[in-house]
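Observations on the model geometry
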Amino acid sequence: MTDDLFSSLSLRQTTVPNRVMVSPMCQYSCETDGLATDWHLVHLGSRAVGGAGIVMTEATAVEPRGRISPNDLGIWSEEHAEALAPVADFVRGQGAVPAIQLAHAGRKGSKTRPWEGSETVAPDEGGWETLAPSADSWPYDRPKPAMREMDRNDVETLVDDFVRAAEYSLDAGFEIAEVHAAHGYLLHEFLSPAANDREDEYGGSFENRTRIVREVVSAVREVWPDDRPVFVRVSATDWLPERESWTVEDSVRLADRLADDVDLVDVSAGGLHPDQQIPNPGPNYQVPYAERIREETGLPVGAVGGITQPEQADALVRNERADLAVVGREHLRDPYFALRAAEELGTDELEWPLPYRRAV
Ligand SMILES: Cc1cc2nc3c(=O)[nH]c(=O)nc-3n(C[C@H](O)[C@H](O)[C@H](O)COP(=O)(O)O)c2cc1C
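The sections below set out a description of the structure shown in this document. (Residues numbered from 1 in each chain as written. Predicted model: local features only at pLDDT ≥ 70, side-chain atom pairs only at ≥ 80, totals over all residues. Heavy atoms only, no water.)

Here we come to a negative patch on the surface. A contiguous patch of negative charge on the surface is contributed by Asp 33, Glu 78, Glu 79, Glu 82, Glu 167 and Asp 171. Sorting the residues of the negative patch by element identifies helix H2 (78–93) and helix H3 (152–172) as the ones contributing at least two each. In terms of residue count, H2 provides more of the negative patch than any other element does, three residues in total. Structurally, Asp 171 can be placed in helix H3. (Patch = residues over 30% accessible without salt bridge, like charges linked within 9 Å, V, L, I, M, F, W, Y side chains within 5 Å. Areas by Shrake-Rupley, 256 points an atom, 1.4 Å probe, with all protein chains shown as cover. Salt bridge = Lys/Arg side-chain N within 4 Å of Asp/Glu carboxyl O. Lys, Arg positive; Asp, Glu negative; His and termini not counted. Charge placed at Lys NZ, Arg CZ, Asp CG, Glu CD. Helix = DSSP H or I, 4+ residues; strand = E, 2+ residues; numbered from the N terminus.)

Given below as structure tokens:
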């Protein structure tokens, strides 16, 4: 039988009830030190009420310098796990799978929130010294933040930070951990020759540039229980065709190398460089990359980007282009996207929450 948007998906011992995933989306809504607030509970909780099969947190920083803004979510202490536990618990209570995206912002950190202009914040004004594989290149218009080129010790610490974050995520009750290696943040900066000029074993060849991602993913896999899935989000391409950069072929090769440790590749693109050229922005604009990684590696994939319509999401699964329809901005417009999709597609496989039944 062909799978559709409302078929369940088994990954290790986790059963995802349907194929709609809430894409990770920064909320910049912490008040103190990366601790989750009522905003996170209501925001993520609403999407679970709305029927999504997986509710993924926003990029959650594995250490304070891993935040984009001082208001980003973090998971580097027991207190952070305690603040997130009600979110994971509520999401699970609605029948959805709670997932957390573990992230480090790298050189894109230490900025004000987007609605405050994404201005660089200096260390003495509440910002911090950012980390990067290479400290010389800075492609953006805004002032370069304080930046430190990571040494061997920083690399080892980073792997430990991801492990600690994974352990606290487990304490908080999350079932899926996603390693964020996309969108020009720290791990992607290592992957791409357009951001990595290193001459040590973390720069240069494909093998070297992918080393840190392989180390992080494998270390997270090591502490994440065998019965629960680990995802990785990649930018399939830098969209920089005119210079040496990260390509779809590289992504296929990397996915293959990660196949023993990851259960699904969440396939996004871009975000590394302001000169990027998106070839076909619009509906499904990144789906071909997901499809290609799925085809060439046999790994389950999530497709994201420009998915807004129930039929469109359903077709991705039915036509075996992707295993998950990962929906971002449409979930901001409509937290009940999955319930709406069930209604529009005429299935009774997704039930409205009992207290809302009289409105159906
Ligand atoms: C407000 C906002 C915040 C985002 N934050 C993150 C994030 O924390 N992690 C991430 O991997 N992608 C992030 N993204 C990208 C989305 O997850 C998604 O990949 C992108 O919006 C394309 O999907 P869409 O067309 O369905 O919105 C963000 C996007 C938006 C609009």
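Below, the discussion takes up the site of the ligand. Near the ligand you find 17 residues, and of these Ser 23, Pro 24, Cys 26, Gly 306 and Arg 329 are the closest. Within the backbone of Gly 306, one N or O atom sits 2.7 Å away from an oxygen atom of the ligand. Here Gly 328 contributes a backbone N or O atom positioned 2.9 Å from an oxygen atom of the ligand. When the free accessible area of the ligand is taken as 610 Å², the share hidden by the protein chains comes to 82%. A per-class count over the shell around the ligand returns seven nonpolar, seven polar and three charged. (Near = heavy atom within 4 Å. Polar contact = N/O pair within 3.5 Å; in protein donor to acceptor, adjacent residues only side chain to side chain. Nonpolar A, V, L, I, M, F, W, Y, C, P; charged D, E, K, R; others polar.)

Note: α-helices contain 3.6 residues per turn, so residues at a spacing of three or four share the same orientation. Those residues of helix H9 (residues 310–318) that fall on the buried side of the exposure criterion are Pro 310, Gln 312, Ala 313, Asp 314, Leu 316 and Val 317. Where the residues of H9 are buried, they touch helix H8 (287–297), strand E11 (301–304), strand E12 (324–327) and helix H11 (337–344). Looking one or two residues past H9, Glu 320 carries a phi angle of roughly 55°, positive in sign. (Buried < 20%, exposed > 50% of the residue type's maximum accessible area, 1.4 Å probe, protein only. Contact = heavy atoms within 4.5 Å.)

The next thing to look at is the side chain of Asp 154. Of note, Asp 154 is situated in helix H3. Setting aside chain neighbours within four positions, we find Asp 154 in contact with Arg 148 and Glu 149.

Attention now moves to the state of the cysteines. Under the definition given, this model contains zero disulfides. A disulfide-free cysteine, Cys 30 has its sulfur positioned 9.8 Å from the sulfur of Cys 26, the nearest such atom. (Disulfide = S-S within 2.5 Å.)

Let us now look at a nonpolar patch on the surface. A grouping of Leu 41, Val 42 and Phe 90 is seen on the molecular surface, where their side chains present a nonpolar patch of about 230 Å² in accessible area. In this fold, Phe 90 is placed in helix H2. For Phe 90, a relative accessible area of 33% corresponds to the partly exposed category.

Let us look at the sheet that holds strand E10 (residues 264–268). Think of a sheet as strands paired side by side through backbone hydrogen bonds, with each pair either parallel or antiparallel. Read once around its circumference, the closed barrel built from eight strands follows the order E3-E4-E5-E8-E9-E10-E11-E12, with strand pairing classed as parallel. The average undirected angle you get between the axes of adjacent strands in this sheet is 25°. H8 contacts E10 and E11 of the sheet and is inclined by roughly 170° relative to E11. (Pairing = 2+ DSSP bridges. Axes fitted to C-alpha atoms, helices over the stretch in contact; angles between N-to-C directions.)

The terminal C-alpha atoms of helix H6 (residues 211–223) lie 19 Å apart, and with 13 residues this matches the ideal 18 Å at 1.5 Å per residue to within 8%. By the burial criterion, the buried members of H6 are Ile 212, Val 213, Arg 214, Val 216, Val 217, Ala 219, Val 220 and Arg 221. Residues of H6 that are buried in the fold lie against H3, strand E8 (176–181), helix H4 (186–191), helix H5 (206–209), strand E9 (230–235) and helix H7 (248–258). (Expected span 1.5 Å × (residues − 1).)

A separate point is unusual backbone geometry. Although it is not a glycine, Ser 110 sits at a positive phi angle of roughly 60°. Even without glycine at this site, His 183 takes up a positive phi of about 60°. Examined against the element boundaries, His 183 turns out to sit in the loop between E8 and H4.

Examined against the element boundaries, Trp 246 turns out to sit in the loop between E9 and H7. With 55 residues separating them along the chain, Trp 246 and Leu 191 place their C-alpha atoms 7.0 Å apart. Sequence-distant contacts of Trp 246, that is, excluding residues within four places in its chain, are made with Leu 191, Ser 192, Pro 193, Phe 206, Arg 209, Thr 210, Ser 235, Ala 236, Thr 237, Asp 238, Ser 251 and Leu 254. A distance of 2.9 Å separates the side chain of Trp 246 from the side chain of Ser 251, its partner in a polar contact.

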